[in-house]
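Residue strings, one per chain:
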Amino acid sequence: ALLAFALNTCAYTTEIIRGALEATPHGEVEAAKAYGMSWFMRTRRIILPSAARRALQAYSNEVIFMLHASAIASVVTIVDLTGAARDIYSRFYAPFDAFIAVALMYMALTFTIIFVFRQLEKRMLRHLKPLS
């Protein structure tokens, strides 16, 4: 299960990065060439920062998707939050307490991840904020 999740996330992350790199406007690259930048300097100063800004939102969605998909791993006996709730349910016959607690934990984790990525987006995209 862990290998499958790792390969799946790796494939999606690679596609996100590839798409962000290909979406770099050719005018920016040509301007860097005209300025006399080497390939390494163009990549480091122009292409990668620009691609990181474009890839950030899609990657944050992938991270949240991976968190939610981890609940499926409890089906193959890897104990995660959902598996622990199932164990509590089977021992104490208290399904609502266990699963509501797990739902709240997943919600807290999701909102924490969203908050971290929003702060990162604000930092990386602050040049696009309108002046008021």
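Structure shown above.
Residues numbered from 1 in each chain as written. Predicted model: local features only at pLDDT ≥ 70, side-chain atom pairs only at ≥ 80, totals over all residues. Heavy atoms only, no water.

## A look at the nonpolar core
1) Next: Of all hydrophobic cores here, the largest spans 9 residues; its members are L56, I64, L67, A85, A98, V102, Y106, I113 and F117.
2) Next: Where this core is concerned, the elements lending two or more residues are α3 (39-69) and α5 (95-124).
3) Next: Setting aside its immediate chain neighbours within four residues, A98 contacts A85 and I88. (Core = buried A, V, L, I, M, F, W, Y, C linked by side-chain atoms within 4.5 Å. Buried < 20%, exposed > 50% of the residue type's maximum accessible area, 1.4 Å probe, protein only. Helix = DSSP H or I, 4+ residues; strand = E, 2+ residues; numbered from the N terminus. Contact = heavy atoms within 4.5 Å.)

## Some remarks on the packing of helix α2 (residues 26-34) against α3
1) Next: One way to put it is that α2 packs onto α3 with a least axis distance of 10 Å and a crossing angle of 165°. Put simply, α2 runs roughly antiparallel to α3. Of the two elements, α2 crosses α3, and the hand of that crossing is right-handed. Residues E28, V29, A32 and K33 of α2 form the contact with α3, whose own contacting residues are R42, I46, I47 and S50.
2) Next: The residue inventory of the contact of α2 with α3, partitioned by class, reads 4 nonpolar, 1 polar and 3 charged. (Axes fitted to C-alpha atoms, helices over the stretch in contact; angles between N-to-C directions. Parallel < 35°, antiparallel > 145°, perpendicular 65-115°, else oblique. Left-handed = near helix turned anticlockwise from the far one by under 90°. Nonpolar A, V, L, I, M, F, W, Y, C, P; charged D, E, K, R; others polar.)

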